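What follows is each chain in one-letter form.
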Amino acid sequence: MKKWVFSLLLVVSGTAWAGSRPIAAEQKQPNVIFVLTDDQGYGDLGCHGNPILKTPELDTFHSESIRFTDYHVSPLCTPTRGALMTGRDPGKNGAYRTSAGRSILHTDERTLGNLFADAGYATGMFGKWHLGDSAPHRPQDYGFQDVVWHRCGGIGQVSDYWGNDYFDDTYERNGKLEQFEGYCTDIWFREGMRFIEEHKDEPFFLYLPLNAPHTPIIVGEEWSKPYEDKVDKPIRAVYFGMIANIDYNFGLLRDHLKKLDLEENTILIFMTDNGTYMGAEFDPANKNNSEPVWGFNAGMRGRKASVFDGGHRVPFFIRWPKGGITGGRDIETLTAQFDLFPTLADLCNIPLPTDRELDGLSLTPLLRGESDSLDREHVVLQFHGGAAFPEDKLKQEYSYILTERWRLLHGRELYDMQADPKQRTDVAAEHPEVVDELWSHYEPYWQSVVKGMTPVRLDIGNPDENPVELCSQDWYMPQGNPPWNFRLIGKLPRVTAPWMITVQKAGRYRFTLRQYPKLADKTVEKTVRAKVEIAGLSREVEVQPGSKGIVIEMELPAGETELVTYLYNEKGEAGGAYFSEVEAL
């Protein structure tokens, strides 16, 4: 009998792990490569019918793979990436928004990096993490042994290395900054192929979470030029060029696997993290939630940041020749972002942790043709706070409860996907019994996730990263979004909010307050006084004209606290220090 499932607690008495099967000594565990793109929608692929965009390498992979056609994620990147990494709902794992101090995993979460590393795999991650920028929240703190990554949610955003612009950028390799040559996507794939070659004789897990085609929309002209006379605006040609470049690199990756004779025993996955951002033009009056007025969106309503299907239904292609997962077959069963974790554990015969709730189900029976359904009839998801974030822990709004036939949005709009796949007509009034039945699953879901929607604290005085630079992206805002890009910071908004902090050791700390990162070498503007409040203590200083960093030192006790900074102008109006370096002395 099928039952409602929103979380699966895997418990085996007397052990911390369960669900594995014995592996013959001579059987080599499969390698795993997971390629995840950013802001590329379901319709941004030639194989899904896009009449303009050419993706020959991904089209070929699609024809050789098993494809999940009713697979759902979150409408923004961080919550999707956190759920994929942990197998747990974004509300539980702490990373349920893209900023405001809520884009960071709880430190007791365990990721696919941990899962594979603990099973003896070599683990590598190259690209965009967006689940925490400082220790102990970096990819290397969650099981990834070999990493090259950029900080923040996009290259050139506030916590990323100052001056990065997609070409010849400086990224972090295993805790040290390094300048690289070339275009960002090329670098991620190049590093991934280097990692494969170095570990070709042992099982490896390679995570390639790309930043493209996220904003800023930038690519070499050789990629965008073929689309310039085929689109409605120049920027869309660049967006399609970014995807064409991904497609080319995906082909290089597959060729590399063949050359090293690794293709047969490698699980290769392609997926995207939310709906399209720029693959089509949407109604300006209702941009996130309309059907396209120009371009292709695979017949769906909505785009990135929408709870309509266009915001969260994404491609998921998987192939493993040695495991019999090939052949160009579609699976129409309803599936979701937290199913990947238990599926990969199952396919690789790795035991699952039993000390936490996992919200997903293994898709192995579907992949192996042993079943055409799962022990689940509903999936409850929520885009916590929506795009505007009017308040934290907002119930009901931006929830989407899914079945293979129905979509219940916000607890009140009902769409029949069999009769109305474009979600044009709300039929809640005609089917109140369906609304009631689906909505009855929301409160148990909410109670299971709200406990995890607590502050994830940033360390100061952590020997793994001292000094540490904090930025306004992680201000813990009660509502709305903080200054998360330099366009906003350039306006010097008079706003501040706390960083949620753990002082790792008692002692003397130096705070250096700035409006831009240290590397920018900019003068603090329109500021005559500065103040730091932390751990019940306060210290205020006068600011000298021409200062490029305002230094305040304080003795602090160890423990959890809040850090708030204030930069006052001549009128006494306060804004925060968008960048604060904190050093334990």
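Residues numbered from 1 in each chain as written. Predicted model: local features only at pLDDT ≥ 70, side-chain atom pairs only at ≥ 80, totals over all residues. Heavy atoms only, no water.

Visitor: Is there a simple way to think about the nonpolar core in this case?
Guide: Most often, soluble globular proteins have nonpolar side chains that are buried together. The biggest cluster of nonpolar side chains holds 48 residues, and the ones touching the most others in it are Ile33, Val35, Trp188, Ile196 and Leu253. Elements supplying a minimum of two residues to this core: β3 (31-37), α1 (56-64), β6 (122-128), α5 (184-198), β10 (204-209), α7 (234-259) and β11 (266-272). Leave out the neighbours within four places in its chain, and Trp188 touches Phe126, Gly127, Val148, Trp149, His150, Ile155, Tyr171, Leu208, Leu210 and Asn211. Counting residues in each nonpolar core, the second largest holds 47 residues, with Val73, Leu112, Met125 and Leu131 among its members. (Core = buried A, V, L, I, M, F, W, Y, C linked by side-chain atoms within 4.5 Å. Buried < 20%, exposed > 50% of the residue type's maximum accessible area, 1.4 Å probe, protein only. Helix = DSSP H or I, 4+ residues; strand = E, 2+ residues; numbered from the N terminus. Contact = heavy atoms within 4.5 Å.)

Visitor: Just checking my understanding: could you explain the pattern of salt bridges for this structure?
Guide: Counted under the stated rule, the structure contains 43 salt bridges. The partner of Glu191 in a salt bridge is Arg194, and the shortest N-O contact between them spans 2.6 Å. A residue pair is termed a helical-turn pair when its members lie 3 or 4 positions apart in one helix, as Glu191 and Arg194 do in helix α5 at 3 residues. On the basis of relative accessibility, which here comes to 7%, the residue Glu191 falls in the buried class. Here the salt bridges do not stand alone but share partners, grouping Asp146, Arg173, Glu178, Glu191, Arg194 and Glu198 into one network. (Salt bridge = Lys/Arg side-chain N within 4 Å of Asp/Glu carboxyl O.)

Visitor: Just to check I follow, could you spell out the pairing of β11 for this structure?
Guide: Looking along a regular strand, one sees side chains alternate from face to face of the sheet. Along β11, 7 of the 7 residues are buried, which leaves the element largely enclosed by surrounding structure. Here β11 shows a buried face lined by Thr266, Leu268, Phe270 and Thr272 and a second buried face lined by Ile267, Ile269 and Met271. Taken together, the 7 bridges between β3 and β11 define a ladder with parallel strand orientation. Within the sheet, the bridge partner assigned to Thr37 lies in β11 and is Thr272. Inspection of the sheet shows β11 paired to strand β14 (residues 316-319) by 4 bridges, in the antiparallel sense. Among the inter-strand pairings, Met271 is bridged to a residue of β14, identified as Phe316. (Pairing = 2+ DSSP bridges.)

Visitor: Explanation requested: the packing of aromatic side chains in the structure shown.
Guide: Here the distance between the centres and the angle between the planes together describe a pair of aromatic rings. According to the stated counting rule, one finds 33 aromatic pairs in the structure shown. Look at Tyr166 and Tyr183: their rings are 6.0 Å apart centre to centre, the planes differ by 45°, and that puts the pair in the tilted class. Residue Tyr166 is found in the loop between β7 (146-150) and β8 (170-173), and its partner Tyr183 is found in the loop between β9 (176-179) and α5; the two are separated by 17 residues along the sequence. Accessibility classification places Tyr166 together with Tyr183 in one group, the buried group. Residues Tyr566 and Tyr568 carry aromatic rings whose centres are separated by 6.0 Å and whose planes lie at 15° to one another, so their mutual orientation is stacked. The pair formed by Tyr566 and Tyr568 is uniform in burial state, with each residue classed as buried. Put simply, the rings of Phe34, Phe116, Tyr121, Trp129, Tyr142, Phe144, Phe205 and Tyr207 pair up and form one aromatic cluster. Taking the ring centre of Tyr476 as reference, the NZ or CZ of Arg102 above it sits at 3.7 Å. (Phe/Tyr/Trp six-rings, centres within 6.5 Å; stacked < 30°, edge-to-face > 60°. Lys NZ or Arg CZ within 6 Å of the ring centre and 35° of its normal.)

Visitor: Honestly, the packing of α1 against α7 in this entry has me stumped. Any pointers?
Guide: Describing two packed helices takes the angle between their axes plus the distance from one axis to the other. Contact geometry of α1 with α7 gives a least axis separation of 7 Å together with a crossing angle of 55°. Put simply, α1 runs oblique to α7. Across from Pro56, Glu57, Leu58, Thr60, Phe61 and Glu64 in α1, the residues of α7 making contact are Asp247, Phe250, Gly251 and Arg254. (Axes fitted to C-alpha atoms, helices over the stretch in contact; angles between N-to-C directions. Parallel < 35°, antiparallel > 145°, perpendicular 65-115°, else oblique.)

Visitor: Sorry if this is basic, but what is going on with the pairing of β14 here?
Guide: Of the two faces of β14, the one holding Phe316 and Ile318 and the one holding Phe317 and Arg319 are both buried throughout. Taken together, the 3 bridges between strand β4 (residues 66-68) and β14 define a ladder with antiparallel strand orientation. Paired with Ile66 across the bridge in β14 is Ile318.

Visitor: Explain the confidence of the model for the chain here, please?
Guide: Any segment with low pLDDT has predicted coordinates that should not be analysed in fine detail. Averaged over all residues, the pLDDT of the chain equals 95, while 95% of them reach at least 70. Contacts for the low-pLDDT stretch residues 1-26, under 50 throughout, to residues beyond four places or in other chains number 60 contacts. (pLDDT = per-residue confidence, 0-100.)

Visitor: Any chance you could explain the packing of α5 against α7 here in plain terms?
Guide: Running from amino to carboxyl end, α5 crosses α7 at an angle of 10°, the nearest separation of the two axes being 10 Å. It follows that α5 is roughly parallel to α7 by the angle criterion. For the pair formed by α5 and α7, the contact residues are Thr185, Asp186, Phe189, Met193, Ile196 and Glu197 on the first element and Asn245, Ile246, Asn249, Phe250, Leu252, Leu253, His256 and Leu257 on the second. Of the residues contributing to the contact of α5 with α7, the split by class is 8 nonpolar, 4 polar and 2 charged. (Nonpolar A, V, L, I, M, F, W, Y, C, P; charged D, E, K, R; others polar.)

Visitor: Where do I start with the sheet that holds strand β20 (residues 399-402) in this structure?
Guide: The strands making up a sheet associate through hydrogen bonds between their backbones, and the pairing can be parallel or antiparallel. Read from one edge of the open sheet, 4 strands run β19-β20-β21-β22, paired in antiparallel fashion. Every other strand in the sheet has two partners, leaving β19 (379-382) and β22 (413-416) as the edge strands with one partner each. Across the sheet, the axes of successive neighbouring strands diverge by a mean angle of 15°, strand direction being ignored. Of the strand pairs in this sheet, β20 and strand β21 (residues 406-409) are connected by 3 bridges, and their pairing is antiparallel. The residue of β21 that forms the bridge with Leu402 is Arg407.

Visitor: Which parts of the structure should I look at to understand α7?
Guide: For an α-helix, the turn length of 3.6 residues means that residues three or four places apart are oriented alike. Taking 1.5 Å as the rise per residue, α7 with 26 residues should run 38 Å; its terminal C-alpha atoms sit 38 Å apart, in good agreement. The element α7 is extensively covered by neighbouring structure, given that 19 of its 26 residues are classed as buried. One or two residues past the end of α7 sits Asp261, with phi positive at roughly 60°. (Expected span 1.5 Å × (residues − 1).)

Visitor: I would appreciate a short explanation of α5 in the present structure.
Guide: End to end, α5 covers 21 Å across 15 residues, agreeing with the expected 21 Å (1.5 Å per residue, within 8%). Of the positions making up α5, those classed as buried are Cys184, Thr185, Ile187, Trp188, Phe189, Glu191, Gly192, Met193, Phe195 and Ile196. Buried-residue contacts for α5 involve β3, β6, β7, β8, β10 and α7.

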